[in-house]
Amino acid sequence: MHNRLTKRASGWLAGAVLLSALLGTSSTSTAAIHGQLGTDNSDCLRCHRMETLAYRDPQSGELVDLHVNGEQFGHSAHAEVPCIDCHQGDFGQYPHPAAALAQRLDCVGCHEDQPDAHERAYRFQTIEQEFARSIHATSDSPKVKGFNCHHCHDPHTFRNSAIGQPIAEIVRSDNQLCLSCHSKIREPYSTAHLWLPKRDKHWQAVRCLECHTPLTDLGQPVSHQLLAGKDSNFDCVNCHSQEQRLLQRLYQYRSATDLENSGWLSKAILNQSYVVGMSRSPLLDALGLGVMGLTLCVLIAHGWGRYRAYRRFRQHQLEQ
Amino acid sequence: MSALYLYSRWVRAWHWLNALLFIVLMYTGASMHFAGGGWLMPFDRAVTVHNTAGILLTVGWIGFVIGNVTTDNGRHYRVQWSGFFTRLFAQAQYYGYGIFHNAPHPFHVTAEMKLNTLQQLSYLGVMYGLMPLLIMSGWAFLFSVSLPETLFGLPSVWLIAMAHLTLAYALVLFLLVHMYIITTGETVTTNLRAMLTGWHREDAPHSSSHQEAQ
């Protein structure tokens, strides 16, 4: 992938240089590109929407992709946000100054600076605290070194799941974030999750996060504290019981989705917010079934008593 | 031989539709509640069928209430307070003692009153007490997304689930007793045939104790 990208970038560059040489405009174009640029999103995207825009980091040797898909960005959560709100610095200059490029982007800082930040039910400072306890932050593994928000949430494409989006799509896209790194999980001979009854059904129906995050309080969305496999939820009754973990999270959304898509009657009939086991109560089951069994015994005994009375009556009739 | 036309066509249609829905709801309800058993309906299908049957049961119940308001069937559900406890005690005593001693039935079906006091009380409790509560808790389930997070400090959906389950057990219990009690008419099938044909037939309107026992 990287090789192909590098080749394409080289091709574009070679093409541009060749074209400039042929037209004899090499010096003027270089002069034009130096200096002041616009800082509207469209100005930025003039260059950054090029699929081949990339450079090789001289220190790590890694190819750094600078491409932003304009269409996806237009549909993302940040579509209305000017590029320079996040990429602060003198990006009006080209080449962009090293000071601007060296800046580290801070999701939490930016979001907490918003005037309505304190009104959010799920604040970014909470996300930050949860992430600090996440296995992605606490692991010693070199694979997660420098792990940050952007590893899961590409700010140029990320969008919150929207009402009307099919629930299967939400599950798939959410899980794809995890699987893009944890790719071995779904290899054909993977032994991961073998303990889980109806493993594939679970994978299709719920997000990895349902089990790999701790229980949250009522009204709180899924935590950003990702748990290690061994610390994750192995207890079926956390979802399949009165806790209604799924109702608060994924299924709450599903009900809203259904309602939006299909009207209230269809939604009522095709309601899928009932989680297996939600109505289970060992006490009520024992009481209910016990009383029913007892009643059945009483009725049978009652019927037997009536039959005996009838036999006595018949006997009495015959004797007469 | 006496014959009284006690169950009009709409009452019988409602009764048997209700009975069918009860059976469907019990089976699908058990399939959802005890999901995974071999004789149970697959969970996904059970949910859809249960929800559909529940909505039809609601329509049926509303029809029953309207029918009782607009036709004279409602008179059978009006409690006559005069001598109420005496009749109630007599009926209970009959089911608990007299029936085993071929005692005469303390209640005789008439065009004005087809239900004995104990029947009347239990039907009133079921149709105007348990059924609306069951239906309301069922609808609360269907629109659980619109419920508040908690009710009385407890998770609201769990509370609804427990209420629905308790009511469901109570109504299954009612069905058991109902199916048995209807066999205590003049003959074992007198009441069943009355609900099928509409006509309540007895060999003699004031039957003797010996005939009651049959």
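Residues numbered from 1 in each chain as written. Chains lettered and ligands numbered in written order. Predicted model: local features only at pLDDT ≥ 70, side-chain atom pairs only at ≥ 80, totals over all residues.

A.B. asks: Is there a simple way to explain the overall build of chain B in this structure?
C.D. replies: What chain B contains, in helices and strands, is 7 helices and 4 strands. Order of helices (α) and strands (β) in chain B, N terminus to C terminus: β-α-α-α-α-β-β-α-α-β-α. Taking all contacts inside chain B whose residues are at least 6 apart in sequence as the whole, residues at least 24 apart take part in 66%. (Helix = DSSP H or I, 4+ residues; strand = E, 2+ residues; numbered from the N terminus. Contact = placed C-beta atoms within 7 Å.)

A.B. asks: Just checking my understanding: could you explain the overall build of chain A for this structure?
C.D. replies: A tally of regular secondary structure across chain A gives 15 helices and 4 strands. Burial statistics for chain A: of 320 residues in total, 14% are counted as buried. Residue pairs at least 24 apart in sequence account for 55% of intrachain contacts in chain A once pairs closer than 6 positions are excluded. (Buried ≥ 20, exposed ≤ 12 C-beta atoms within 10 Å, placed from the backbone.)

A.B. asks: Just to check I follow, could you spell out the UniProt feature "transmembrane region" (unreviewed entry) in chain A for this structure?
C.D. replies: The feature "transmembrane region" (unreviewed entry), as given by UniProt, occupies residues 286-305 of chain A in the numbering adopted here. The distance from the first to the last C-alpha atom of residues 286-305 of chain A is 28 Å, and the span holds 100% helix and 0% strand. (UniProt positions renumbered as here; feature names shortened; annotations may be inferred.)

A.B. asks: Explain the nonpolar core here, please?
C.D. replies: The nonpolar side chains of a soluble globular protein tend to be buried, and buried together. Membership of the largest hydrophobic core comes to 19 residues, with the highest contact counts inside it found for Tyr274 of chain A together with Met32, Ala161 and Ala168 of chain B. By residue number, the principal contributor to this core is helix H5 (residues 156-181) of chain B, which donates 7 residues. If sequence neighbours within four positions are ignored, alanine 168 of chain B has contacts with Gly29 and Leu134 of chain B. (Core = buried A, V, L, I, M, F, W, Y, C linked by C-beta atoms within 7 Å.)

A.B. asks: How should I be thinking about the packing of helix H2 (residues 43-70) of chain B against helix H4 (residues 117-142) of chain B in this particular structure?
C.D. replies: Helix-helix packing: each pair is described by the crossing angle between the helix axes and the interaxial distance. All names here are of chain B. At a minimum axis separation of 10 Å, H2 and H4 run at an interaxial angle of 140°. H2 and H4 meet at a crossing whose hand is left-handed. In this structure, H2 contributes Asn51, Gly54, Leu57, Thr58, Trp61 and Phe64 to the contact, and H4 contributes Met127, Met131, Ile135, Gly138 and Leu142. In the contact of H2 with H4, the residues fall into 7 nonpolar, 4 polar and no charged. (Axes fitted to C-alpha atoms, helices over the stretch in contact; angles between N-to-C directions. Left-handed = near helix turned anticlockwise from the far one by under 90°. Nonpolar A, V, L, I, M, F, W, Y, C, P; charged D, E, K, R; others polar.)

A.B. asks: Would you explain helix H15 (residues 282-319) of chain A in this entry?
C.D. replies: An α-helix turns once per 3.6 residues; consequently, residues spaced three or four apart project the same way. The first and last C-alpha atoms of H15 of chain A sit 55 Å apart over 38 residues, in line with the 56 Å expected at 1.5 Å per residue. Burial analysis of H15 of chain A places just 0 of its 38 residues in the buried class, a small minority of the element. (Expected span 1.5 Å × (residues − 1).)

A.B. asks: Looking at this structure, how should I read the confidence of the model for chain B?
C.D. replies: If pLDDT is low for a region, its predicted coordinates should not be looked at in detail. Across chain B, pLDDT averages 87, with 93% of residues at or above 70. Low confidence marks residues 205-214 of chain B, where pLDDT is under 50. Its contacts with residues over four positions away, or in another chain, come to 25 contacts. (pLDDT = per-residue confidence, 0-100.)

A.B. asks: Would you mind going over the UniProt feature "transmembrane region" (unreviewed entry) in chain B with me for this structure?
C.D. replies: When the UniProt feature table is mapped onto this chain numbering, "transmembrane region" (unreviewed entry) sits at residues 20-41, 53-71, 123-145 and 157-177 of chain B. Secondary structure within residues 20-41 of chain B divides into 64% helix and 0% strand; the distance between the first and last C-alpha atoms comes to 17 Å.

A.B. asks: Hey, could you run me through unusual backbone geometry in this one?
C.D. replies: Glycine aside, residues mostly have negative phi angles, and peptide bonds mostly take the trans form. All names here are of chain A. Despite not being glycine, histidine 193 shows a phi value in the positive range, around 65°. The residue histidine 193 is located in the loop between helix H11 (167-179) and helix H12 (199-205) in this model. Looking at histidine 193, the number of C-beta atoms within 10 Å reads 15, which means it is partly exposed.

A.B. asks: Help me understand the environment of arginine 199 of chain A, please; the structure alone is not making it clear to me.
C.D. replies: All names here are of chain A. Following the sequence through the fold, arginine 199 ends up in helix H12. Take arginine 199: there are 12 C-beta atoms within 10 Å of it, and that puts it in the exposed class. What arginine 199 contacts, discounting residues up to four positions off in sequence, is His193 and Leu194.

A.B. asks: In this structure, what is going on with the packing of H15 of chain A against H5 of chain B? I would like to understand it.
C.D. replies: Where H15 of chain A meets H5 of chain B, the axes come as close as 10 Å, and the angle between the chain directions of the two elements is 5°. One way to sum up the angle between H15 of chain A and H5 of chain B is to call them roughly parallel. Of the residues in H5 of chain B, those in contact with Leu284, Gly288, Val291, Met292, Thr295, Leu296 and Leu299 of chain A of H15 of chain A are Met162, Leu165, Thr166, Tyr169, Val172, Leu173, Leu176, Val177 and Tyr180 of chain B. Its residues assigned to classes, the contact of H15 of chain A with H5 of chain B shows 13 nonpolar, 3 polar and no charged. (Parallel < 35°, antiparallel > 145°, perpendicular 65-115°, else oblique.)

A.B. asks: Explain the environment of tryptophan 14 of chain B here, please?
C.D. replies: Residues and elements named next belong to chain B. Its place among the elements puts tryptophan 14 in helix H1 (residues 9-33). For tryptophan 14, a count of 18 C-beta atoms within 10 Å puts it in the partly exposed group. Along the chain, tryptophan 14 and phenylalanine 64 lie 50 residues apart, while their C-alpha atoms are 7.1 Å from each other. Setting aside anything within four residues of it in sequence, one finds tryptophan 14 in contact with Gly60, Gly63, Phe64 and Gly67.

A.B. asks: I would appreciate a short explanation of the confidence of the model for chain A in the present structure.
C.D. replies: The predicted model of chain A has a mean per-residue pLDDT of 78, with 76% of residues at 70 or higher. The low-confidence segment residues 1-32 of chain A (pLDDT under 50) makes 13 contacts with residues lying over four places distant or belonging to another chain.

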